[in-house]
Amino acid sequence: MRKLLFPLIAFGLAACSEQTERTYTVEELVADEALLSGIITNCRNNPGELRDTANCRNAEAADGTLRLQRMRRTLRG
């Protein structure tokens, strides 16, 4: 009975824990502009809670990277 009790408790606790949001890298966000746009929109709509999350920081970095790439292309001709 005790051997069965521990796995049941562990399973119950795991089922009750919060689902964590996937963290995207800057490179993934640069490659997928639709995803980047969605994350930036969410972050800007709720800056108090989301501003310091990894996805928001990575999205801002990816946005900056894309802006620099566009400026370089524009200046080259």
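Residues numbered from 1 in each chain as written. Predicted model: local features only at pLDDT ≥ 70, side-chain atom pairs only at ≥ 80, totals over all residues. Heavy atoms only, no water.

- By the naming in an unreviewed UniProt entry, the chain is EexN family lipoprotein, taken from Rhizobium fabae.

### Brief notes about the pattern of salt bridges
Here is step 1 of the chain: Throughout the structure, instances matching the rule amount to five salt bridges.
Here is step 2 of the chain: Via salt bridges that share partners, Arg44, Glu60, Asp63 and Arg67 belong to a single interconnected network. (Salt bridge = Lys/Arg side-chain N within 4 Å of Asp/Glu carboxyl O.)

### Considering the state of the cysteines
Here is step 1 of the chain: Applying the stated rule across the entire model yields one disulfide.
Here is step 2 of the chain: Residue cysteine 43 pairs covalently with cysteine 56 via a disulfide, S to S 1.7 Å. On the S-S bond that ties cysteine 43 to cysteine 56, the torsion sits near -90 degrees, and the link is left-handed. Of this pair, cysteine 43 sits in helix α3 (residues 33-45) while cysteine 56 sits in helix α5 (residues 54-76); the two residues are 13 residues apart in sequence, bridging distant segments of the chain. Of the two residues examined, cysteine 43 and cysteine 56, each falls in the buried class. (Disulfide = S-S within 2.5 Å. Helix = DSSP H or I, 4+ residues; strand = E, 2+ residues; numbered from the N terminus. Buried < 20%, exposed > 50% of the residue type's maximum accessible area, 1.4 Å probe, protein only.)

### A few points about the environment of alanine 59
Here is step 1 of the chain: Mapped onto the fold, alanine 59 is located in helix α5.
Here is step 2 of the chain: Sequence separation between alanine 59 and cysteine 43 is 16 residues; the distance between their C-alpha atoms is 8.9 Å.
Here is step 3 of the chain: Ignoring sequence-local partners within four residues, the contact set of alanine 59 consists of Leu29, Leu36, Ile39 and Ile40. (Contact = heavy atoms within 4.5 Å.)

### Here's the deal with α3
Here is step 1 of the chain: Helix length check: α3 (13 residues) gives 18 Å between terminal C-alpha atoms against 18 Å at 1.5 Å per residue, within 8%.
Here is step 2 of the chain: Within α3 the residues assigned to the buried category are Leu36, Ile39, Ile40 and Cys43. For α3, the angular spread of buried residues about the axis comes to 100 degrees, placing them on one side. Every exposed residue of α3 that faces more than 90 degrees away from the buried side is listed here: Ala34 and Asn45. (Expected span 1.5 Å × (residues − 1). Arc of directions from axis to C-beta.)

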